Amino acid sequence: MNGLKQFVDEVRDLLKKSGVEEPKTVFPKDPRFGDLSSPSAFDIAKKTGNPPVQEARALAARMSGEKLRYVEKIEVADPGYLNFYANWKTLAVEILSEAVERGPRYGEIDIGKGRYVLVEHTSVNPNKALHIGHARNVCLGDSIARLLTKTSHKVAVANYIDDSGVQMAEILLAFTHLGYSINPPEGEKFDQYCGRIYAEVSKKIESNPELENLKRKIAADLENYESQVYRFNAEVVDRVLREQLKTCWRLGARYDVLNKESDVLFFDLWDDVFKSLREENAVYFVDSGPKKGCWMFDLRGHPKLSKEGDEVLVKSDGSTTYVARDLGYAAWKLGLLNRDFKYRMFGVNPDNTPVYITDRKGHETKQFGSASYTINVVDVRQRRPQEIVRYALEKLGADPSRYIHYAYEVVSLSRADAEKLNVPVEEASFVHMSGRGGIYVNVDPLLDYIKAKAIEGARQRHPDWSSEKTEYVGEQIAVAALRYFLVRADPDKMIVFDSSEAADIEGDTGPYIMYAYARATRILEKSDTSPDPRRTPEKLEAQEIELLRKISILPMVYEEAVKTLSVKRVVTYLRELAFVFNDFYETCPVLSAADDTKVFRLAMVEAFRSAMSSAAQVVGIPLVEEM
RNA sequence: GGGCCCGUAGCGCAGAAUGGACAGCGCAUCGGCCUUCGGAGCCGGAGGUCGUGGGUUCAAGUCCCACCGGGCCCGCCA
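Calculation criteria
Residues numbered from 1 in each chain as written. Chains lettered and ligands numbered in written order. Predicted model: local features only at pLDDT ≥ 70, side-chain atom pairs only at ≥ 80, totals over all residues. Heavy atoms only, no water. Near = heavy atom within 4 Å. Polar contact = N/O pair within 3.5 Å; in protein donor to acceptor, adjacent residues only side chain to side chain. Helix = DSSP H or I, 4+ residues; strand = E, 2+ residues; numbered from the N terminus. Contact = heavy atoms within 4.5 Å. Pairing = 2+ DSSP bridges. Axes fitted to C-alpha atoms, helices over the stretch in contact; angles between N-to-C directions. Expected span 1.5 Å × (residues − 1). Phe/Tyr/Trp six-rings, centres within 6.5 Å; stacked < 30°, edge-to-face > 60°. Buried < 20%, exposed > 50% of the residue type's maximum accessible area, 1.4 Å probe, protein only.

A. Layout of the protein's contact with RNA strand B. Inspection of the region around RNA strand B gives 71 residues, with D30, S37, D162, R461 and Y585 positioned closest. The contact atoms of RNA strand B, taken as those within 4 Å of the protein, divide so that sugar and phosphate hold 60%. Within the side chain of S37, a nitrogen or oxygen atom sits 2.4 Å from a base nitrogen of RNA strand B. In the model, a phosphate oxygen of RNA strand B is placed 2.7 Å from a nitrogen or oxygen of the K291 side chain.

B. The environment of L91, seen in detail. By the element assignment, L91 lies in helix α4 (residues 88-102). Separated by 53 residues in sequence, L91 and I144 place their C-alpha atoms 31 Å apart. Dropping the residues within four chain positions of it, L91 is found in contact with G3, L4, F7, Y70 and A86.

C. Here's a closer look at the sheet that holds strand β9 (residues 311-314). Taking strand neighbours across the sheet as the criterion, the 3 strands line up as β7-β8-β9 in an open arrangement whose pairing is antiparallel. The sheet is open, and its two borders are formed by β7 (283-285) and β9, each paired with just one other strand. Sheet twist, expressed as the average angle between the axes of neighbouring strands with direction ignored, equals 40°. Across 3 bridges, the pairing between strand β8 (residues 295-297) and β9 is antiparallel.

D. Examining helix α22 (residues 595-619) more closely. The end-to-end C-alpha distance of α22 is 36 Å, a good match for the 36 Å that 25 residues give at a rise of 1.5 Å each. Directly after α22, the chain includes G620, whose backbone phi takes a positive value near 75°.

E. Molecular detail of the packing of aromatic side chains. All chains considered together, the criterion is met by 22 aromatic pairs. Here the aromatic rings of F190 and Y193 are separated by 6.3 Å at their centres, their planes lie at 45°, and the arrangement is tilted. Of this pair, F190 and Y193 are both found in helix α7 (residues 190-206), 3 residues apart, which corresponds to roughly one turn of the helix. The pair F190 / Y193 is uniform in exposure class, with both members buried. Between F341 and Y343, the aromatic rings sit 6.1 Å apart at their centres with planes inclined by 55°, giving tilted as the arrangement. You can call Y343 buried: its relative accessible area is 0%.

This is how it looks when you write it as structure tokens:
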């Protein structure tokens, strides 16, 4: 097992044996304060009234007789810290051996114990192409799924396809009544084409009551499974969806199941839920007033939502609202229903795993529901409906902590990018995107733009490369740059998208990570001897210790990241790891070193590659051997 | 009106799950480093009332309260 963790455990044991009930430890920012520091003497001093330094000295004295494997030295520092120094010579052998041996699987931990988690992400309406806001969802969701997989969870990824709303009616209207061709102009992707005409049609409908009526009629027909409109819609949805998935796959995402909203209706997931809610008296029927004829969800018992009024679940015409459908779907996810979908195969992920889609005429039965818990990657604007669903699940007897809304802030456009789209910005420093308003930056053209920039760089560096190779590396760089850009920020913070910033491939970016890896690869490639982690030098350089420290901390990073569902934590790790490697690279020559040092440093480089490929896998940053 | 989120250097961000020692990184800017493992890199300089004011604490960017500024949500839309 991992060396540094054992050092930490040894320190904590020591503190306990010396009489500290709940030891506090922290990794100091400055190596002057040792490798692990404890302020526990402050706690004791508080009780005894003695100066903290005195208590720290007493603790240190009690530790002095212990036989220690990983702790080399203990120091007392003003005003009362205990600083522990690790025996890096011993640790190095253990850390490097494990990292070298495990390769990209280095750092994996068994915290999940095989529990089944259903992660839902993407869920873009099937009437348009993905824009960068959707890409934030995809990259976060995909990384969460990867993180859970890394930490011994069984993961399935679902994508909710909202194929029965008015947004579909609008685009169908364009094809059936406004003379738009069902085929896009040469060179335009079908999803991008739909997104474009969706914005155009929305504008027309706004100023035309006749079209508004037509739209309503089409929307109503969408729920009639025998209608022509339903069949036509299914074709359009299928076509857009296939184009959307190409973009998602390009970003490195994968899916197990596509759940269509029309099938949530068809398989009647809502019915069981509605029955239970009535039995629990959690819903009531309205006899009079503006909401006459509706079934409402009672929110009076909710600490916050009670102040905003109850929620309509069944409309007066008997149809369900979006929240009701989502609740039925959520209940299915957690296995609260006696009903299930039927499926058919939809396609194959780039990793060759199958993608299933719900289908009312499907022949396949699958177990995608009934998860231990579910994570829904949905933007912050849906906090209220998500909370209503969670609260309703609690009313249905489920543990509400099993339903996790992974909220993230939206992506908006910078002044410069908005102006490029001829959007008036006035005083604002950013502009919100809007599919309907035609204000958005799509993912594919953006990736192409970054790729072109990367290819230009690759051509200069490697004039001898084939165009296929240049093309391939350019694509990987573009994906790395975009993914890194979208997940390095805190999910609670709005990203103001600026294309020049997103296309940056220097500094704190995805390609920086890739570059460190490529450098490391070059060293191993040029070496004529094998790495040997056991040949530890008597004296380690400071940069070697920093690199060792960073490599060894990876399992703890995963633990922290999965507990807090923080993708950013792993991104930060990648940056720091690349940074300390570059420092090592500058100061510790490998190939020209004496034999003993050389084989040890080769092991360092190899271990670095293990840690890096493991963590890059989680964030979905593709690595290449040369760039 | 009610609820939620954000505010750290000119700009973009770490540091916020567990309060710990002088608050870090990138971009931009100024100055260095290629006869030595890849300069998409590295080193150094300059740049900070951690929104403001209180409070808790031996210790607060981190916890609590108030306020200011910005954003979002509160529809028989999804």
